Structure formats: C-alpha cells, structure tokens
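So you can see what is in the structure, the chains are spelled out below.
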Amino acid sequence: MLKDEVFWQSMTNTFWLVIIVVPASIVFSLLFAVMLNQIKRLKGLFRTVYFMPFVTSLVAVSIVWKIMFNEQTGLMNTMIGWVGIEPQKWLSEARGIFDIFFSGFGITLPKWAGGPSQALFAIIIMTVWKGLGYNTIIYLAGLQNISKVYYEAAEIDGASKLKQFFRITLPLVSPTTFYVLIMTTIVSFQAFAQIYLMTDKGGPLNTTKLIVYYIYEKGFDTMDMGYASAVALALFILILGLTVLQKRLEKHVNY
Amino acid sequence: MNEKLRMSIIYTVLSVFGLVMIVPFIWMISTALMTQSEFNKHESTFIPKEEYHVWDDGSVKQKVLFVMDKGDISIVHLLDKDGKIVEEYKEAPRSQVTKVKKVPSFHWANFLKAFKKVPFGIYFANTLYVSFISLIGVLITSMLAAYAFARMEFIGRDFFFYLFLSMMMVPEPIYLISSYVLLDKINWLDTYQALIVPWCVNIFTIFLFRQHFKSLPQELFDAAAIDGCGTFGILWRIMIPLSKPIIATASIFSLIGSWNSFMWPLVMTNRPELRVLQVGLSYFNQEASTQTTLLMAASTFSIVPILILFFMAQKQIIASYAKAGLKD
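Bear in mind that the values here come from a model prediction, so they are computed numbers and not experimental data.

Reading the values: the criteria
Residues numbered from 1 in each chain as written. Chains lettered and ligands numbered in written order. Predicted model: local features only at pLDDT ≥ 70, side-chain atom pairs only at ≥ 80, totals over all residues. Contact = placed C-beta atoms within 7 Å. Helix = DSSP H or I, 4+ residues; strand = E, 2+ residues; numbered from the N terminus. Nonpolar A, V, L, I, M, F, W, Y, C, P; charged D, E, K, R; others polar. Core = buried A, V, L, I, M, F, W, Y, C linked by C-beta atoms within 7 Å. Buried ≥ 20, exposed ≤ 12 C-beta atoms within 10 Å, placed from the backbone.

Caption draft 1: A look at the interface of chain B and chain A. Across the boundary between the two partners, chain B contributes 51 residues, which contact 53 residues of chain A. Secondary structure elements with two or more residues in the side of chain B that touches chain A: α1 (3-32), α2 (36-41), α6 (172-185), α11 (244-260), α12 (263-268), α13 (277-287), α14 (292-312) and α15 (314-327) of chain B. The leading source of residues in the side of chain B that touches chain A is α1 of chain B, at twelve residues. Partitioned by chemical class, the residues of the side of chain B that touches chain A number 35 nonpolar, 14 polar and two charged.

Right, dumping it as structure tokens:
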C-alpha cells in the first residue's frame, strides 16, 4: 500500500479537500451565524434556506452540481460569464487551480505547486455548500449561549462591533468551533457520493480520487477486499489521530 | 457605523448568500421543465422558454399569431394581447411568420417521463419500507438500551456505554468492508435484511434517550414501583409519554438518515428490485447521462418528500440538529 502511487494520490487529494473545506466552512458558517444572530425579521426564512442543502440527499444534489459544472451547458459557466470570466472546464480539468491562476499572469508553476485540480476544486465548492447549513445552525446555537452581559459591558466601554466580534464572540464560541472543526474534518474525510456521481471514477487523471472512493473501488470494483481493508484501516488511524490531536489542542485554547 | 446601514448590509449579504444556497435547487427545477433541445442550445437560464413565431395580423391590431412547432405539425394560436388563446388553427401559413418571440413554457411531462423511464415507483416503495421498519427498530432498541444504561445497575454498565459511544466515532466507510464480508458469510447480501437490520440500532439515539431518562426524577420510578409497576410498565407508561420530544428527534434523524443513505445500499444490494431511491437515482445518472432534463426531474422528485417533511417540521428539525450538536 505504501508503495502504491494511486493510494498516495488519493491521500493527497483528500488532504486538499479537507484543508480547504474545513476552514471555508468554519469562516462562512460563523459569518452567517453572527449575522443571523443579529436580525429579527426573516431569521427563520434564512435559516431554512441555508439548512435546505443539508437535509437533501447527496445523490440528488451531486447530480445537479455535476450538470451545473458542465462545460457547455452548465450554470457555473453561464454565471461566471456574467462577470466576464471565460468558461472553465471544471470537472474535466486536471490542471491545478494555482497553476491555472498563475498562468493567467504568465507565470508557470512547477508541477508540485499546482495545487488541487480544478475538478477537485469543483467538488470542494459543492461539499462546502452541502454542509454549510448544518454548521451555521450549530454556530447559531453556540452564539445564543453567550450572555448578553459581555456585549453590554463592551458597548459601555465603547468597543466597536468588529472589536466585540474578535474579543468576545470568537473566544466564547470556541467550544463550538472545535465541535465544528472535528465534525467537518471527519465528514470531509468520508466524501464518497460526490466522487461516485460527479466524476468518472475519480478522474480526470485520478485528481478527484478521494480515499473513501479508493476503498470502494478496490473493494467492490476490483474485489480486492484485503487491500481495501488496509486502506480503510489507514484512514481510521488517520481520523482517530486527528481527532485526538484536535481534542488536545482544544484543552489549550478553551476558555 | 450607523445602525440602519449596518442592518441593511447584513440583510443584503444574507440575501446574496441565501440566493447562492438556493440557486442549485431553482436551476434544478427550471431545467427539469425544459425540453432537452432547449437545454442543449443553452438559450434560457432560469425560465424555460420556447420560441414562437409571431405573425402580426395587420387588420386586428391586438391579436398576434403564434406558430408552435410540435414535431411535424405546426399549430397556430390566435392570441389576444394578454397572451390568452382565442382561436386555434392547425397547418398555418408559415410564409407569413414575421417575428420570433420567446414565451415561457413548462414541460411538466418531463417528470412523468423520468418516473416511467426506470421503475422509480419500486424504488420509492423500497425506501419507504426500509425507512419505516428501521425507524421502528431504532426506537425499540434505543429505548430498551437507554433504559438499561440510565436506570439499571449491572456489571460493566459504564464500560459498555463508553464502548458504544466510542464506536459511534467510527465512520461508515471504515466498517463497510468488514460488514460486507460479515453479511456475505450469513448470506444476507442482496436481501432486505441487509438494508434494515444493521440500521435498527443507532448509538446516537441510545445516547439521546439515556441522557433524557437520566434527567427524569427518581421519585417517579419509586412511585411507579410502589404502585406495582414492573420494568416494562415503567418504560411503557412513564418513560414513553415523557419522551415525546426525544422520540420526535430520533425519528427525524432516522428518517432523514435512511432516506438519504447511499453507500451502504449501493454496496450491499445488487438486484434491481431491491434498489432504494438513492441507488436507483445513481443508476439513472449513469444510464441517462445525456438526458439532462430527465435527470433533473428525477433529482427533483427524489428530494421532494424529504423537503416536504423538512418544511412541515423545520423548526423542530433545525432545533433537533442544533441540540444534538451541542450535546456531544
């Protein structure tokens, strides 16, 4: 397994996915939650709209996003066309996003610095969208547990809203952040249906092959159960290790 | 910053992102209502439109003629200025068509076409069957186990409870292979049991019930015991009536979970007549990959039941997820 190139590639792909999905989810959902927490009218409507992707089936939304990312007829290219960006290949683009970005300025990056492929980036966008509502709701619940007294005191001291956010909200909501961090990490490592439905077996050039898809492929396409179990065990150790690490970290940061 | 300005910025940002969240659904439905050729020509984005050839009738100013191509016949509609059909002719004089106009037209028939293309009726029935039986199973096993963990004394109680809890942290893909081998050994692959029985136990639900049962006052149990109530009597007459919110929460998680579960049924079943909705939809995705409009129609009706459930009980559902998240 350790000498298997595809294994390492799917590990790398999975790392890219997790490393982008987790912070993006946290930033956006905290932003939404903080804003939702301040409004009264239409709060329920926004909450419902944000939560909708989370309750719908991954299979159905994967199909929708696959068609949205279609090169010729997809909505994505139509929408980026409105702001003057030329059509992208999305799910059929194996080039890295950093590579594509810098080549726009005439800079050629070395191969290792290309970053995740645009195809994987499309998967990442969809994955963030799917889980955002859940994290927003969790954050909203976390924010409601913060006592109003702190804000009133800060208001009297003349602290700006921005300062209140960084000095009060962010530290006091950190237990929620850790929960969201751990859950999103674990869930992101398990991404499977997106790959199964949106890509052609983890293509192009294996750049969207994620570790759980690789387990599935080894176990049920080539019927190599032993090998698939070995990969699954590696994933388990990885998730367990990360969870323990994050828990350790939590003890240092918690208030 | 001025309070009014701040609020309007908040509402604007929330609306823009709300639109981003919902646009895939809107696009899904509008694509489901287009004809395939319209979608391929990529002419309309959100509102399905068809081209009508307009012929202005010189003598009657308010009336225009619409020619609609339906295969090899062209039908002419004589419309008034509101767009209502006044008269209808078949075989119109094409030479007099002067302008082209786009008019919204929705092809609801796509839903029926998609539904008939593969046996979605069977898939729906399978999903409902599997979802409801496992829901009943989950409720029974969870309440019994939670009662034991919360209210009974036995050796290794806490050990087993924490063992259960730690198993909750093991993600599905990890035990998928070993479960497959196990189900193969007992000849359960490709049966309904494989879809139902393993999901009749849910550790998280046990945890929810246990926390709830623990929070009930001891006096209740003492009083019931004095009145001659046995263990099952206590469970049936006291615990269940007092656990309605937890039962609702557990049911929501179980139903949404089994309606949307995909990897497990994909791996454990093979026969087409055992396919649940999600698996059937994924096969449809492979078979009809070029029939975009039908794929969108199928995606739409596969999420509608869960969305109806969501809209009916959205407050309860969102509160359940929020509470469950905080309990961990």
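Once the structure has been displayed, the description carries forward.
Caption draft 2: A look at the nonpolar core. Residues and elements named next belong to chain A. The biggest cluster of nonpolar side chains holds 127 residues, and the ones touching the most others in it are L17, V64 and I123. Among the elements that line this core, the one with the most residues is helix α6 (residues 118-144), at 15 residues. Excluding anything up to four places from it in sequence, L17 contacts L120, I123, I124, T127, S188, A191 and L210.

Caption draft 3: Representation of the environment of I182 of chain A in the model. Residues and elements named next belong to chain A. Structurally, the position occupied by I182 is in helix α9 (residues 174-189). Classification of I182 by C-beta neighbours within 10 Å gives buried; the count is 20. Taking the C-alpha atoms as reference, I182 lies 33 Å from M79; in sequence the two are 103 residues apart. The residues contacting I182, other than those within four sequence positions of it, are T243 and Q246.

Caption draft 4: Up close: the environment of L208 of chain B. All names here are of chain B. For L208, the position within the fold is in helix α8 (residues 203-215). Remark: the alpha-carbon pair of L208 and A146, spanning 62 residues in sequence, is separated by 8.2 Å. With sequence-adjacent residues up to four places away left out, L208 is seen in contact with I246, T249, A250 and A324.

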